[in-house]
Amino acid sequence: MSKNYCFRKDNLDEITKEYMGGVLTAAMNCGISSVAPLGFSGDDFYMYGKFINKDESESGSWKRESVVSLRNYCNSPQLLITDKDGMFLVYSTYDGLPFNDLLDMIYDDFIRVKKLINKKASATFKKQDKTDDVEFSWAFDMLTDYAKLATKNNTIYS
C-alpha cells in the first residue's frame, strides 16, 4: 500500500473538519492500491506524521511516528492515529452512514485524541506487556492453511 503525503500538515491545529473532509473524499475515491487475503485498501493519506522505512530507522525496523491518516479499507473509511513511538491511539473503521455523519464521527475521534495528546508533555503512552497466556484467532489457522496450500501448489509469489 502506498503512503500519500500530499495532504500532510506540520501542525495538528491545521487539521480542520473541512480539511479532513477533503482528505476523506480523496481517500475514498482514489481506488485500491493493495489487496491482501483479508481485505483490500487504498493509499494511506497522511495528514500528520510519517512512516519510517526500516533502512531509515535507528532500530532497523519500520515504524509510524505521530501519525494521523485516513484510508479506504474494504470500501469503508479507516482512521489511524499513533503516538510518536507508533503505538495505536485510534484505529477505527467507520461504515454505513452518510458522508457528513462519517466525517462528524471521524473528526470527533481526532479531536478527542488530540486533546488527550495536548495534555501530555510527551505523546508516548505506556506499552502493554505481552503475555504467553493468549488465544489466537481462527484466522491464524486459516492463513496457515492458505500458506501451506499455496506453497504446495507453488503459488506464493515473492
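Rules used in this analysis
- Residues numbered from 1 in each chain as written.
- Predicted model: local features only at pLDDT ≥ 70, side-chain atom pairs only at ≥ 80, totals over all residues.
- Heavy atoms only, no water.
- Helix = DSSP H or I, 4+ residues; strand = E, 2+ residues; numbered from the N terminus.
- Buried < 20%, exposed > 50% of the residue type's maximum accessible area, 1.4 Å probe, protein only.
- Contact = heavy atoms within 4.5 Å.
- Areas by Shrake-Rupley, 256 points an atom, 1.4 Å probe, with all protein chains shown as cover.
- pLDDT = per-residue confidence, 0-100.
- Pairing = 2+ DSSP bridges.
- Phe/Tyr/Trp six-rings, centres within 6.5 Å; stacked < 30°, edge-to-face > 60°.
- Patch = residues over 30% accessible without salt bridge, like charges linked within 9 Å, V, L, I, M, F, W, Y side chains within 5 Å.
- Salt bridge = Lys/Arg side-chain N within 4 Å of Asp/Glu carboxyl O.

The helix and strand inventory of the protein chain stands at three helices and seven strands. When the helices and strands of the protein chain are read in sequence order from the N terminus, they spell out β-α-β-β-β-β-β-β-α-α. Within the protein chain, the proportion of its 158 residues that are buried is 33%. A sequence separation of at least 24 residues applies to 50% of the contacts in the protein chain between residues at least 6 apart. For the protein chain, the accessible surface area stands at approximately 10700 Å², while carbon and sulfur atoms represent 51% of it.

The next point concerns the confidence of the model for the protein chain. The pLDDT averaged across the protein chain works out to 85; a share of 82% of its residues lies at or above 70. By mean pLDDT, the top-scoring element of the protein chain is helix α1 (residues 17-29) (96), and the lowest-scoring one is helix α3 (residues 138-152) (71).

Residues in a regular strand project their side chains so that they alternate between the two faces of the sheet. The buried fraction of strand β6 (residues 76-82) amounts to seven of the seven residues, a majority that puts the element mostly inside the structure. Alternating positions in β6 separate into two faces, Ser 76, Gln 78, Leu 80 and Thr 82 on one and Pro 77, Leu 79 and Ile 81 on the other, with burial throughout. Taken together, the six bridges between strand β5 (residues 63-73) and β6 define a ladder with antiparallel strand orientation. Looking at the pairing, Val 68 lines up with Ile 81 of β6. Where β5 hands over to β6, the hairpin turn is made up of two residues, of which Cys 74 adopts a positive phi near 55°. Strand direction decides the pairing type here: β6 and strand β7 (residues 88-93), joined by five bridges, are antiparallel. When the sheet's bridge partners are listed, Leu 80 is paired in β7 with Tyr 91. Counting the residues in the hairpin turn of β6 and β7 gives five residues, including Gly 86, whose phi is positive at 90°.

This part is about the packing of aromatic side chains. Here the structure, examined in full by the defined rule, presents six aromatic pairs. Seen in terms of ring centroids, Phe 7 and Phe 45 are 5.8 Å apart; in terms of plane orientation they differ by 55°. Their pairing is tilted. In this pair, Phe 7 is assigned in the loop between β1 (3-4) and α1 and Phe 45 in strand β4 (residues 44-52), connecting sequence segments 38 residues apart. Taken together through their ring pairs, the aromatic side chains of Phe 7, Tyr 19 and Phe 45 make up a single cluster.

Attention shifts here to a nonpolar patch on the surface. On the surface, Leu 38, Trp 138 and Met 142 cluster together into a nonpolar patch covering about 360 Å² of accessible area. Position of Trp 138 among the secondary structure elements: in helix α3.

Another aspect to go through is unusual backbone geometry. The phi dihedral of Cys 74 falls on the positive side, at around 55°, and the residue is not glycine. Mapping Cys 74 onto the fold places it in the loop between β5 and β6. Even without a glycine there, the phi angle at Asn 75 is positive, about 65°. Relative to the elements of secondary structure, Asn 75 occurs in the loop between β5 and β6.

With that settled, the discussion passes to the pattern of salt bridges. If the charged atoms of two oppositely charged side chains come close together, the side chains can form a pair. For the coordinates displayed, the defined rule picks out five salt bridges. Close ionic contact of Lys 114 with Asp 13 constitutes a salt bridge, the shortest N to O distance being 2.6 Å. With Lys 114 in helix α2 (residues 99-119) and Asp 13 in the loop between β1 and α1, the pair connects residues that are 101 residues apart, well separated along the chain. Given the relative accessible area of 14%, Lys 114 is considered buried. On the basis of relative accessibility, which here comes to 53%, the residue Asp 13 falls in the exposed class.

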